[in-house]
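Here is how the chains run, residue by residue.
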Amino acid sequence: MYRFFFKRMGDIILSFLGIILLALPMLIIAIAIKIDDPGPVIFKQVRVGKNNKEFTIYKFRSMYPDAEARKAELMKENKMSGLMFKMDNDPRIIPIGRFMRKTSLDEFPQFWNVLKGDMSLVGTRPPTVDEYEKYELHHRSRLAIKPGLTGLWQISGRSDITDFEEVVELDKKYIRCFCISQDIKIILKTVWVVLVGRGAS
């Protein structure tokens, strides 16, 4: 159990530092979003976390306000097989949103989720409620730990993975092999992936 204690301590310290150090960049991003498109700066959505507990995730808004309502009409363009949605050249994304997604700037507000304890710096991808409701039993094992800001899926070329079952297997692999040293490696590799823009969507 000591592993989870140190994991939580690391989450608290690093997320707090992230919020402090990124305060100015986040202010600039917020202003840029407002200039680019009227509407809320922060996108809030209910996700499912550890032990099937629902929580509200925070991101910088990278899409038009009606994005969720338009999702159904775009499902035919879904490039993922299984219980996730992803498409190339998504028309719901605002101009600055493409840059934010490529550089993962839209995920900065999730440091608050980590500080609150809803998420961890490293973990599995948190599903939306509608995704979770379609889960089969073996999919639910990926919710045995807290979802993460990053994880094996994010550093494994996420734009190239189009099979949800492959995402599930990567999450299960992370859970089976969980240790602090693995988390450190994933965080360092995430920084590299973001800097070179590989695997972003």
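Details of the structure are given in the entry above.
Note on numbering: residues in each chain are counted from 1, in written sequence order. pLDDT decides what is reported in this predicted model: residues at 70 or higher carry local features, side-chain atom pairs at 80 or more are listed and counted, and totals for whole chains, interfaces and linings draw on all residues regardless. Each side-chain value is worked out from all heavy atoms of the structure, with water and hydrogens disregarded.

Secondary structure elements follow DSSP: runs of H or I of four or more residues count as helices, runs of E of two or more count as strands, with numbering from the N terminus. Counting its regular elements, the protein chain contains eight helices and four strands. When its helices and strands are written in sequence order, the protein chain yields α-α-β-β-α-α-α-β-α-β-α-α. The C-alpha radius of gyration of the protein chain comes to 16 Å, within 12% of the 17 Å expected for a compact globule of 201 residues. With respect to the three principal axes, the spread of C-alpha positions in the protein chain is 45 × 40 × 30 Å. Burial here depends on accessible area, computed with a 1.4 Å probe over protein chains only, as a share of the maximum for the residue type. Under 20% is buried, over 50% is exposed, and the range in between is partly exposed. Looking at the protein chain residue by residue over its 201 residues, the buried ones come to 47%. Accessible surface is estimated by sampling points in the Shrake-Rupley manner with a 1.4 Å probe; for residues, cover comes only from the protein chains shown. Split by element, the accessible area of the protein chain, about 10600 Å² in all, is 64% carbon and sulfur. Charge separation in the protein chain, taken as the distance between the mean sites of 32 positive and 24 negative side-chain charges, equals 5 Å. C-alpha atoms define the radius of gyration, and 2.2 Å times the number of residues to the power 0.38 defines the globule rule. When charges are counted, Lys and Arg are positive and Asp and Glu negative, with His and the chain ends excluded. All charge positions are set by atom: Lys at NZ, Arg at CZ, Asp at CG, Glu at CD.

What follows covers helix 2 (residues 23-36). To estimate how far a helix should extend, the number of its residues minus one is multiplied by 1.5 Å. The terminal C-alpha atoms of helix 2 lie 20 Å apart, and with 14 residues this matches the ideal 20 Å at 1.5 Å per residue to within 8%. Along helix 2, the positions that sit buried rather than exposed are Met26, Ile29, Ala30 and Ile33. An end-on view of helix 2 places all buried positions within 100° of arc, on one side of the element. Exposed positions of helix 2 whose direction lies more than 90 degrees from the buried face are Leu24, Ile28 and Ile35. Throughout, the arc means the angular range of directions from the helix axis out to the C-beta atoms.

Another point: the nonpolar core. Ranked by internal contacts, the top residues of the largest apolar core, which has 37 residues, are Ile29, Ile33, Phe60, Phe108 and Tyr174. Of all the secondary structure elements, the ones that give two or more residues to this core are helix 2, strand 2 (54-60), helix 5 (110-116), strand 3 (120-122), helix 7 (164-176) and helix 8 (180-196). Among the elements that make up this core, the one with the highest residue count is helix 7 (five residues). Residues in contact with tyrosine 174, not counting those within four places in the same chain, are Lys7, Val122, Gly123, Ile145, Leu152, Gln182, Asp183 and Ile186. Nonpolar cores were defined as sets of buried Ala, Val, Leu, Ile, Met, Phe, Trp, Tyr and Cys residues, with membership established by side-chain atoms within 4.5 Å. Two residues form a contact once any of their heavy atoms are found within 4.5 Å.

Turning to its location among the elements, methionine 75 is positioned in the loop between helix 3 (67-70) and helix 4 (95-103). Classification of methionine 75 by relative accessible area gives partly exposed; the value is 39%. Remark: the alpha-carbon pair of methionine 75 and lysine 34, spanning 41 residues in sequence, is separated by 28 Å.

To continue, consider the packing of helix 1 (residues 2-21) against helix 2. Axis definition: a line fit to C-alpha positions, over the contact stretch in the case of helices; interaxial angles, taken between N-to-C directions, run 0 to 180 degrees. Contact geometry of helix 1 with helix 2 gives a least axis separation of 4 Å together with a crossing angle of 60°. Of the possible angle classes, the one that applies to helix 1 and helix 2 is oblique. Seen from helix 1, the contacting residues are Ile19, Ile20 and Leu21; seen from helix 2, they are Ala23, Pro25 and Met26. Among the residues making up the contact of helix 1 with helix 2, the classes are represented as six nonpolar, no polar and no charged. Under this scheme an angle from 65 to 115 degrees is roughly perpendicular, one under 35 degrees roughly parallel, and one over 145 degrees roughly antiparallel; angles in between are oblique. Residues are grouped as follows: Ala, Val, Leu, Ile, Met, Phe, Trp, Tyr, Cys and Pro are nonpolar; Asp, Glu, Lys and Arg are charged; every other residue, Gly included, is polar.

Okay, the packing of aromatic side chains next. Pairing of aromatic rings covers Phe, Tyr and Trp, the last through its six-membered ring, and needs centres within 6.5 Å; plane angles under 30 degrees mean stacked, over 60 mean edge-to-face, and all others mean tilted. In the structure shown here, the tally under the stated rule is six aromatic pairs. Grouping aromatic residues by their ring pairs yields a cluster made of Tyr2, Phe5 and Phe6.

From the geometry alone we can't say anything about function, so treat these as descriptive.
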